[in-house]
Amino acid sequence: MAGKISIFVTGVTGYIGGTLLVRLLNHPDAGTFDITALVRNSEKAQILESKFGVKTLIASHAEHDRIEEAVAANHIILQISDSDDEPLTKAILRGLKRRHDKIGDLPILIHTSGTGLLIDDARGEYPTETIYSDLNVEQLKSIPPTAYHRNVDLLVVGADEEGYARTHIVIPSTVYGIATHPLVKAGISNPHSIQIPSLIRFSLARKRAGVIGKGLSLWPNVHIDDTADIYIVLLDSILHHPDTTGHGWEGLYFGESGEHRWLDISLAIGRAMYELGLADSPEPTPFSHDEILKYFGSEWRGYLFGTNSRARADRTRALGWKPKHSTEDLLASIKPEVEVYAKKQ
Ligand SMILES: NC(=O)c1ccc[n+]([C@@H]2O[C@H](COP(=O)([O-])OP(=O)(O)OC[C@H]3O[C@@H](n4cnc5c(N)ncnc54)[C@H](OP(=O)(O)O)[C@@H]3O)[C@@H](O)[C@H]2O)c1
């Protein structure tokens, strides 16, 4: 494989990582990529190898030594599986350092965080005026170390500051849309996102759309295909313009192409449920405290769905990212997703 660009990617059986792997396999420069995917399910690994020509490392995130070794053997690391696994991140960073120390390479890490980084405690009661831009480094630096995802993000930026790797963090928001690519069809990758499907499942279970508080808080959104595009545009920029592609503190890239109120999602779920005969009324009602504990698992997890998180992907757009979807597409994506989950009930 001499001369090829070695890429180690995690999370390919997941929603974002699976969509990204398909994009890598269809990339115009795919012939120059030598891709190894971390997969913990050996049957899925076997299909990836035989049908898709992807090398695999069968391991879980907890196998730190094996992950460190795999990272040290690759020039580019795409971490698309867990924004919050600190020991995993430390193993990845040890692998990057090992590679740098051994061969003098400046390895590349693209880590995945989330705009949960920016949340407040609004509980659906009000929208905030505070908007973060990924071009505003001072504003990004002001986020407290206790913020969600921040412990891991700071480790990643720290590695860049130490100089043994170039690090970048993609920060998607509410990713939406059902993935339908070949890895989903082969039963390898998860077709569903996290936030909206959770609200749909909980609403179906209580037979009425639910909302946290008044649902007035705001979040950004980004379609799954536009999300995969961010990684591709960033990767292309790193490969073709290494010296002008922002990294470290200047390497945080939001994924956002619109903004919504939580209430608008709940209204769309309610309308879909009513039209499908799954609720007596289209109007959402607030989740009670008991329901928050029952469905979301904890108060914190429930109130997360009533936070504000406002972000502008200015740096991502400056890279050349041109998202094709808007908040109208997010709202239109909800009924088909309600139909899928209604069948699973
Ligand atoms: N979806 C969103 O809206 C969104 C937005 C912002 C940030 N993010 C973040 O982006 C990351 C990926 O999200 P996603 O929606 O693609 O999630 P997902 O569909 O649940 O995928 C998670 C991936 O990580 C793998 N994984 C999890 N734990 C593992 C372990 N212990 N060992 C090996 N592999 C493991 C899963 O493998 P298995 O298939 O074996 O479980 C799967 O491939 C998450 O950290 C998420 O918080 C997501």
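Given the structure is predicted, the values throughout are model-derived calculations rather than measurements.

In this section: the side chain of His-168. On the secondary structure map, His-168 appears in strand β7 (residues 166-172). Using a relative accessible area of 1% as the deciding quantity, one classes His-168 as buried. Apart from the residues lying within four places of it in its own chain, the contact partners of His-168 are Ile-108, Leu-109, Ile-110, His-111, Leu-234, Ile-238, Gly-246, His-247, Gly-251 and Tyr-253.

A word on the packing of aromatic side chains. Evaluated as defined, the whole model comprises eight aromatic pairs. Note on Trp-262 and Phe-305: the rings are 5.5 Å apart at their centroids and 45° apart in plane angle, and the pair reads as tilted. Taken together, the residues Trp-262 in helix α10 (residues 262-275) and Phe-305 in the loop between α12 (299-304) and β14 (311-312) connect sequence positions 43 residues apart. Residue classification places Phe-305 among the buried positions, given a relative accessible area of 5%. Seen from their ring centres, Phe-287 and Phe-296 are 5.1 Å apart, and the 85° between their planes marks the pair as edge-to-face. The same class applies to Phe-287 as to Phe-296, namely buried. Grouping aromatic residues by their ring pairs yields a cluster made of Phe-202, Trp-219, Trp-262, Phe-287, Tyr-295, Phe-296 and Phe-305. The side chain of Arg-206 reaches across the aromatic face of Phe-287, ending 4.8 Å from its centre. Positioned above the aromatic ring of Tyr-341 is the side chain of Lys-344, whose terminal nitrogen or guanidinium carbon lies 5.0 Å from the ring centre.

Let us look at the site of the ligand. Around the ligand sit 22 residues in total, of which Thr-13, Tyr-15, Arg-40, Ser-83 and Asn-190 are the nearest. Gly-11 has a polar backbone atom sitting 3.4 Å from an oxygen atom of the ligand. At 3.1 Å from a nitrogen atom of the ligand is found a side-chain nitrogen or oxygen belonging to Ser-193. Burial of the ligand by the surrounding chains reaches 77%, relative to a free accessible area of 900 Å². Of the residues contributing to the shell around the ligand, the split by class is seven nonpolar, 13 polar and two charged.

Right, let's talk about unusual backbone geometry for a bit. Non-glycine residue Arg-123 carries a positive phi angle of around 50°. On the secondary structure map, Arg-123 appears in the loop between β5 (108-112) and β6 (132-133). At His-149, a position not held by glycine, the phi torsion is positive, near 75°. With respect to the secondary-structure elements, His-149 resides in the loop between α5 (137-141) and α6 (150-162).

For the rest of this paragraph, the subject is helix α9 (residues 224-240). Three- or four-residue spacings in an α-helix give side chains the same orientation, since the helix completes a turn every 3.6 residues. Taking 1.5 Å as the rise per residue, α9 with 17 residues should run 24 Å; its terminal C-alpha atoms sit 25 Å apart, in good agreement. Taking burial as the measure, the 17 residues of α9 include 12 buried ones, the bulk of the element. Residues of α9 that are buried include every one of Ile-224, Asp-226, Thr-227, Ala-228, Asp-229, Ile-230, Tyr-231, Ile-232, Leu-234, Leu-235, Ser-237 and Ile-238, and no others.

To continue, consider the UniProt feature "domain: Thioester reductase (TE)" (unreviewed entry) in the protein chain. UniProt annotation of "domain: Thioester reductase (TE)" (unreviewed entry) refers to residues 9-49 when read in the numbering used here. A helix fraction of 46% and a strand fraction of 22% characterise residues 9-49, whose end C-alpha atoms lie 14 Å from each other.

Let's shift gears to the nonpolar core. Judged by nonpolar contacts, the single largest core of 70 residues is most densely connected at Leu-78 and Leu-96. When residues of this core are assigned to their parent elements, the largest contribution, seven residues, is made by α9. If sequence neighbours within four positions are ignored, Leu-96 has contacts with Val-71, Ile-77, Pro-107, Ile-108, Leu-109, Tyr-164 and Ala-165. Ile-212, Trp-262, Ala-279 and Phe-305 belong to the second-largest nonpolar core, a separate cluster that totals 27 residues.

For the coordinates displayed, the defined rule picks out 18 salt bridges. Here Arg-23 and Asp-229 are joined by a salt bridge, their closest N and O atoms 2.4 Å apart. Placement of Arg-23 in helix α1 (residues 15-25) and of Asp-229 in helix α9 is noted, with a sequence separation of 206 residues between them. Residue classification places Arg-23 among the partly exposed positions, given a relative accessible area of 30%. On the basis of relative accessibility, which here comes to 11%, the residue Asp-229 falls in the buried class. One salt bridge in this structure joins Arg-317 and Glu-256, with 3.0 Å as the shortest N-O distance. Here Glu-256 lies in the loop between β11 (252-255) and β12 (259-261) and Arg-317 lies in helix α13 (residues 314-318), a separation of 61 residues in the sequence. Residue Arg-317 is classed as partly exposed on the basis of its relative accessible area of 33%. With a relative accessible area of 6%, Glu-256 lands in the buried category. Within this structure, Arg-23, Asp-229 and Lys-324 form a network of salt bridges that share partners.

Reading the values: the criteria
- Residues numbered from 1 in each chain as written.
- Predicted model: local features only at pLDDT ≥ 70, side-chain atom pairs only at ≥ 80, totals over all residues.
- Heavy atoms only, no water.
- Helix = DSSP H or I, 4+ residues; strand = E, 2+ residues; numbered from the N terminus.
- Buried < 20%, exposed > 50% of the residue type's maximum accessible area, 1.4 Å probe, protein only.
- Contact = heavy atoms within 4.5 Å.
- Phe/Tyr/Trp six-rings, centres within 6.5 Å; stacked < 30°, edge-to-face > 60°.
- Lys NZ or Arg CZ within 6 Å of the ring centre and 35° of its normal.
- Near = heavy atom within 4 Å.
- Polar contact = N/O pair within 3.5 Å; in protein donor to acceptor, adjacent residues only side chain to side chain.
- Areas by Shrake-Rupley, 256 points an atom, 1.4 Å probe, with all protein chains shown as cover.
- Nonpolar A, V, L, I, M, F, W, Y, C, P; charged D, E, K, R; others polar.
- Expected span 1.5 Å × (residues − 1).
- UniProt positions renumbered as here; feature names shortened; annotations may be inferred.
- Core = buried A, V, L, I, M, F, W, Y, C linked by side-chain atoms within 4.5 Å.
- Salt bridge = Lys/Arg side-chain N within 4 Å of Asp/Glu carboxyl O.

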